[in-house]
Amino acid sequence: MSQPARGRVLLALTRQDVDYWGQLLGKDREVTTERAWPADPSIDYALVWKHKPGVLAGLPNLKLVISMGAGVDHVFADPELPDVPILRVVAENLTTHMTEYVVWRVMDHHRQGMAYRVQQAGKVWEEHGQQTAACVHVGIMGLGHLGRAAAKALVALGFRVNGWTRTPAAAEGVDTFHGEAGLKDFLAATDILVVLLPHTPATEGIIDYDLLSGLRRDNALGGAVLINAGRGMLQKEAGILRALDDGTLKEASLDVFEEEPLPAQSPLWSHPRVFVTPHAAATSDPEHLVPLMLEQIARFERGEALDNLVDRKAGY
Ligand code: NDP
Ligand code: OXD
């Protein structure tokens, strides 16, 4: 194997253990952090998570921007983003975490977990009807790396699975729909909606009251369920609350929010039919991701093709 060249990396990470990332990356090459700003203009690569807008524009030698996560909406939030290739994370470890989260939340709603938790608090001994997974249709918005893996696991458990994408797609055991034209039929055939879309100008605010009204309510679960682990900016929380309160939606599991951390005054925290997790569905683990990132940098330096390049026009 050829020796990697020694391009320098800037770490611009918000709410992450920057020292740990730096320690792992630093085994291979020289690393500097945003804390040392203004960074040396000789920086070649930037590893970013919600970096300060404008920070990258001051790096004349910048060759690559690498997102610490699968989503890149935080990268595009920088109005002065330099015109260099952007890479994102696709990693088995992250995909496994997300599959586990989706299966966990689907199974919990399917097996009436919310109702039984309330009953336990009140010491109520009452059994609810049981359906098999084959009676439940799970619709996944976004059949990308994460959506496909989740779909495969749900199909293996016996659920009926639908998928909705931007462009036509096929996946084994999944009924697929795409685009604006396919959305209505996709929703009408869905009992549990799982959202694994990226946040782009086209998807912002898509999970609103009108969309939730299109889900199938007359179903084996006794109502429609929403699970969002994509991005908070995909959802309109006022619409979700309205849908929960008028019966359009039975329950929701939300991992992502319009504002994060979720403000203490948000009614979602204490809603009896909402399950909240703190953007923790699939965490980027530096131990697993740093070797993949270093491999991409090494490939770049050898002039080889890169994996997981972001399409700037599509925004993901
Ligand atoms: P991918 O880019 O692999 O897949 C994105 C999917 O969304 C594709 O199927 C794409 O359609 C579809 N899509 C994009 N735009 C539209 C649109 N306008 N209409 C319909 N479908 C659309 O992404 P990943 O699966 O790797 O990740 C998905 C998202 O998950 C990330 O962007 C991130 O926001 C979120 N995430 C959340 C985490 C958490 O902890 N909560 C952790 C990791 C990621 P097509 O196939 O046609 O391109
Ligand atoms: C990601 C995330 O995009 O953790 O990877 O949200």
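Everything below is about the structure printed above this text.
What follows deals with the sheet that holds strand β1 (residues 9-13). The strand order across the open sheet formed by five strands is β2-β1-β3-β4-β5, and the pairing between neighbours is parallel. The strands lining the two open edges of the sheet, one partner per strand, are β2 (31-33) and β5 (86-87). Inspection of the sheet shows β1 paired to strand β3 (residues 45-49) by five bridges, in the parallel sense. Counted as the bridge partner of leucine 10 is alanine 46 from β3. Contacting β1, β2 and β3, helix α1 (residues 18-26) crosses the sheet at an angle of about 160° to β1.

Ordered by their spatial adjacency, seven strands build an open sheet running β8-β7-β6-β9-β10-β11-β12, and the pairing between neighbours is parallel. Either end of the sheet is taken by a strand with one partner, and the two such strands are β8 (174-178) and β12 (274-276). For this sheet the average axis-to-axis angle between neighbouring strands, irrespective of direction, equals 15°.

Turning next to the packing of helix α3 (residues 92-110) against helix α5 (residues 145-156). How two helices sit against one another is set out by the angle between their axes and by the gap between those axes. Orientation of α3 relative to α5, taken along the N-to-C sense of each, is 50°, at an axis distance of 9 Å. Classified by the angle their axes make, α3 and α5 are oblique. Crossing of α3 over α5 shows right-handed handedness. From α3, Leu94, Thr95, Met98, Thr99, Val102, Val103 and Val106 reach across to α5, where they touch His145, Leu146, Ala149, Ala150, Ala153 and Leu154. Taken together, the residues of the contact of α3 with α5 sort by class into ten nonpolar, three polar and no charged.

Moving on to the nonpolar core. Ranked by internal contacts, the top residues of the largest apolar core, which has 29 residues, are Met141, Leu193, Ile207, Leu211, Leu212, Leu226 and Leu249. Secondary-structure elements contributing two or more residues to this core are α6 (179-188), β9 (192-195), α7 (209-213), α8 (237-245) and β11 (251-254). Sort the elements by how many residues they give to this core and α8 lands first, with four residues. Setting aside residues up to four positions removed in sequence, methionine 141 forms contacts with Trp164, Leu183, Phe186, Leu193, Val194, Val195, Leu196, Leu197, Ile206, Ile207 and Leu211. The next biggest cluster of nonpolar side chains, apart from the first, holds 26 residues, and it includes Tyr101, Val102, Ile140 and Val161.

Criteria and cut-off values
- Residues numbered from 1 in each chain as written.
- Chains lettered and ligands numbered in written order.
- Predicted model: local features only at pLDDT ≥ 70, side-chain atom pairs only at ≥ 80, totals over all residues.
- Heavy atoms only, no water.
- Pairing = 2+ DSSP bridges.
- Helix = DSSP H or I, 4+ residues; strand = E, 2+ residues; numbered from the N terminus.
- Contact = heavy atoms within 4.5 Å.
- Axes fitted to C-alpha atoms, helices over the stretch in contact; angles between N-to-C directions.
- Parallel < 35°, antiparallel > 145°, perpendicular 65-115°, else oblique.
- Left-handed = near helix turned anticlockwise from the far one by under 90°.
- Nonpolar A, V, L, I, M, F, W, Y, C, P; charged D, E, K, R; others polar.
- Core = buried A, V, L, I, M, F, W, Y, C linked by side-chain atoms within 4.5 Å.
- Buried < 20%, exposed > 50% of the residue type's maximum accessible area, 1.4 Å probe, protein only.

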